Structure formats: structure tokens, C-alpha cells
Amino acid sequence: MVDKLTTSERDAGLRSLDGWTHDQAADAISRVFKFKSFSEAFGFMTRVALEAQKADHHPDWSNNYDTVTISLSTHDAGGLSPKDIALARAIDKLLD
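Residues numbered from 1 in each chain as written. Predicted model: local features only at pLDDT ≥ 70, side-chain atom pairs only at ≥ 80, totals over all residues. Heavy atoms only, no water.

A. Region of interest: helix α1 (residues 7-15). Among the residues of α1, Arg10, Gly13 and Leu14 are the ones counted as buried. Each buried residue of α1 sits inside an arc of 100 degrees when the element is viewed along its axis, so together they form one side. With respect to the buried face of α1, the exposed residues turned more than 90 degrees away are Ser8 and Arg15. In this structure, the buried residues of α1 make contact with β1 (21-23), β2 (28-34) and α3 (82-93). (Buried < 20%, exposed > 50% of the residue type's maximum accessible area, 1.4 Å probe, protein only. Helix = DSSP H or I, 4+ residues; strand = E, 2+ residues; numbered from the N terminus. Arc of directions from axis to C-beta. Contact = heavy atoms within 4.5 Å.)

B. Here's a closer look at the nonpolar core. Trp20, Ile29, Ile70 and Ile91 are the most contacted members of the largest nonpolar core, which totals 20 residues. Going through the elements one at a time, β2, α2 (38-55), β4 (67-72) and α3 are the ones with two or more residues in this core. Residue contributions to this core peak at five residues, all from α2. Non-local contacts of Ile70, meaning those with residues more than four positions away in its chain, are made with Trp20, Ile29, Ser30, Arg31, Phe33, Phe44, Val48, Pro59, Asp60, Trp61 and Ile91. (Core = buried A, V, L, I, M, F, W, Y, C linked by side-chain atoms within 4.5 Å.)

C. Highlighting the sheet that holds β1. Ordered in space as β1-β2-β4-β3, the four strands form an open sheet in which the pairing is antiparallel. Both edges of this open sheet fall to β1 and β3 (60-64), since each of them pairs with a single strand only. For this sheet, the mean angle separating the axes of adjacent strands, direction not counted, is 25 degrees. Bridge count between β2 and β4: six bridges; the pairing is antiparallel. When the sheet's bridge partners are listed, Ile29 is paired in β4 with Leu72. Running at roughly 10 degrees to β2, α3 makes contact with β2 and β4 of the sheet. (Pairing = 2+ DSSP bridges. Axes fitted to C-alpha atoms, helices over the stretch in contact; angles between N-to-C directions.)

D. Region of interest: the pattern of salt bridges. Per the counting criterion, the structure on display carries five salt bridges. Note that Asp11 and Arg10 form a salt bridge whose closest N and O atoms lie 3.0 Å from each other. Of the residues examined, Arg10 reaches a relative accessible area of 18% and is grouped as buried. Taking the shortest distance from any N to any O, the salt bridge between Asp66 and Lys34 comes out at 3.5 Å. You can see Asp66 sitting in the loop between β3 and β4 and its partner Lys34 sitting in strand β2, a full 32 residues away along the chain. Overall, the relative accessible area of 16% leaves Asp66 in the buried class. (Salt bridge = Lys/Arg side-chain N within 4 Å of Asp/Glu carboxyl O.)

Below is the structure:
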């Protein structure tokens, strides 16, 4: 089982990420990604899916045409864990 992040660990993790915000009610981090087209958004989701599968950690997400919204939380930990910060970093690297 993965341990839930402390408040200071969560804050430090968020400072290291670009554009991710904390949803206190869900104890999750989320980010909205905008693309030029549906095809670009779908391609991004495919790359995220491969990263998530490698990490054995899967996002809650949605797609609306050119917009992908991703929310990360570790259900087994009851909130944010190091797995969420690591997956957010891996997702951000896909944009480089």
C-alpha cells in the first residue's frame, strides 16, 4: 500500500509541477490540457495511457474535442500519494 502525502509533501510536489492544481475536496491534483484538434488531444491521451500503464497508476480523465482534463489521486491511499506526483511529471514530459 502507498502512503498518502503529508500537506508539506503535497505542497512541495505541486511546486515542482507546471499547471497542476490541488482539489482539496477530492484530495486530488488536476490539470486541463488544450490542443489544436481532437486528433492531437486523442494522441496525447494515448501517450498518457501508456505512461499510466507502465506506472500501474491510472488517471480519472475526460476529453471534450480539443480539451483533456486529468485528475490524479491514489484511491488505495485515500488521497494524494507519491504515485500521483510522479505520474503528473511523466505526463508533463509528454508535452516537451
